[in-house]
Amino acid sequence: MEGGKQGCAFPRSKRLLNASDYSRVFEQPDAKASHRFLLLLARHNDADNHRLGLVIAKKNVRLAVGRNRIKRLAREFFRALPAADCTVDVVLLTRRGIDQLDNAEVSTILQQQWQKLSRQFPKPEPDTSRDR
RNA sequence: CGAGUCGGUCAGGCGAUCGCUCCCAACCAUCUCUCGAGCUGGUUGGGGGAGGAAAGUCCGGGCUCCGCAGGGCAGAGUGCCAGGUAACGCCUGGGGGGCGCGAGCCUACGGAAAGUGCAACAGAAAGGAAACCGCCCGGCCACUCCCGAGUGGCCGGGUAAGGGUGAAAAGGUGCGGUAAGAGCGCACCGCGCGGCUGGUAACAGGCGUGGCGAUGGUAAACCCCACUCGGAGCAAGACCAAAUAGGAAUCCGUCAGCUGUGGCCCGCAGUGGAUUCGGGUAGGUCGCUACAGGCAGGUGGUGACACCUGUCGCAGAUGAAUGAUCGUCCUCGACAGAACCCGGCUUAUCGACCGACUCUUUUU
């Protein structure tokens, strides 16, 4: 961890990697943001940064090209987020019809829903203030 | 110039910034030791990074495991001939049939004299068929008259040429023939059978022969014949470390049973078996991309393709990379995303370009 220009990169450590990571979020989410086209679930973690997981069902976005597009947009958005005091594991689920939107519209929705989610974070936790 | 046929190529370009993944090199940190390397993490630099269909998963292989992939039944598939291939249901060439003026295109194209089944409606009759109208002959009765016939009715027979029904009416057309008709006879065509010629063959040509009461259609209906096919799939499968490991108890058995085995039987191989209790893991590495490989040239072949030489290195992710934003140009960008790998088929698709060829009109 050499500091530097970290925060714009999106390495392995910023993703949810296995099934247990996912089920931890699903079982007890601390915050959620629901929208016509997507659903965000979040749970506080002990890592140094946010971690993202994507669940894009074939049922909701039929074409593989479409699923890839949504994933890339989501990663791009989370990559650009600034470092936060309180870090969470986030799972993004998509709903039907999201593949009809263009890139700009999806980015806007992601921005709105992230803000909505951020307000629900358990701010007053004493131990989470990390010094670096 | 216009209309069209066949084959092939490409799949927005350029620049800037910020990212992802793999490989290589250097450096830094950590650990290990046989002190030079190795392991892990990171930084910097360089390089590679979706498709013609990556798709549907419809065929065929390779590869892996099931000991070998053996025999029989069942089941599935293929179906003109020859060749190509690792193999195919693919491709090439050829033959038959159909369509088009033509370049060309389409073709599930074995068997209906082994058996079973099926065919609505109409029609007199529909498969060893059948006289409804009609046509013709004979007999009887009635009527008419030019006394030999005609007309009408009834009865008995002949007739598949004509009408009508139908998807289809039992070879077709023509001439002869006949009471009227009929392969009854003849010619041509079709069909069956037998030689002959050409061809590897499918098949074609021609000769003879049978008058054709016999052989109707349907086999993507059962079926028959010929040929092919063992089963599962990279979550195949192999390894590593940790935790299981390992076990414990009860019962039953010793030419049987069970497992491999996927439908069955035989064969073969392995093994004591069943139940209960307790305890758990579903992390990482390999498989994983270099081959039936691309490109160029040559040789053989009508061609699919084969062989030889040279040259190139061209994605390997694993909660799953190959992108985002901005600028700019143009013809304003379709269908669409690798997951073990190849060969095909099929389906989706904005357009652009190249080559060969055909037809119509005009001009020379």
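Every chain begins its residue count from 1, and numbering advances along the sequence as written. Note on labels: chains are lettered from A, ligands numbered from 1, in written order. Whole-chain, interface and lining totals are the exception, using all residues; otherwise, since this is a predicted model, local features are given only for residues with pLDDT of at least 70 and side-chain atom pairs are given and counted only at 80 or more. Hydrogens and water are ignored here; the side-chain numbers use all heavy atoms of the structure.

Draft legend 1. Focus on the overall build of chain A. Only runs of H or I of at least four residues qualify as helices and only runs of E of at least two qualify as strands under DSSP, and these elements are numbered from the N terminus. When helices and strands are counted, chain A shows three helices and four strands. In chain A, the succession of α and β elements from N to C terminus is α-β-β-β-α-β-α. The buried label goes to any residue with under 20% of its type's maximum accessible area, the exposed label to any with over 50%, and the partly exposed label to all in between, with areas taken from a 1.4 Å probe on protein chains only. Here chain A, with 132 residues, has 42% of them falling under the buried criterion. Taking the intrachain contacts of chain A between residues at least 6 apart in sequence as the baseline, contacts between residues at least 24 apart amount to 78%. Residue-level accessible areas treat just the shown protein chains as cover; the underlying method is Shrake-Rupley with a 1.4 Å probe. Accessible surface computed for chain A: about 8400 Å², of which carbon and sulfur atoms make up 49%. The contact rule is simple, with two residues in contact once any of their heavy atoms fall within 4.5 Å.

Draft legend 2. Focus on the nonpolar core. Among the nonpolar cores identified, the biggest contains 27 residues, and Leu40, Phe78, Val90, Ile98, Trp114 and Leu117 are the most heavily contacted of them. Of all elements in the fold, only strand E1 (31-34), strand E2 (38-44), strand E3 (51-55), helix H2 (64-79), strand E4 (88-94) and helix H3 (103-118) reach the threshold of two or more residues within this core. Tyr22, Val25, Leu39 and Val91 belong to the second-largest nonpolar core, a separate cluster that totals six residues. Here, nonpolar core refers to any group of buried Ala, Val, Leu, Ile, Met, Phe, Trp, Tyr and Cys residues whose side-chain atoms link them within 4.5 Å.

Draft legend 3. Inspection of the sheet that holds E3 at higher detail. At least two DSSP bridges between two strands are needed for those strands to be called paired. Strand order across the open sheet formed by four strands is E1-E2-E4-E3, with mixed pairing between neighbours. Because the sheet does not close on itself, it has two edges, and the strands there are E1 and E3. When strand polarity is set aside, the average angle formed by the axes of neighbouring strands in this sheet is 15°. Where E3 meets E4, five bridges bridge the pair, whose relative direction is parallel. Note that in E4 the partner of Arg51 across the bridge is Asp89. Only the contacting stretch of a helix is used when fitting its axis, a line to C-alpha atoms as for every element, and angles between N-to-C directions run 0 to 180 degrees.

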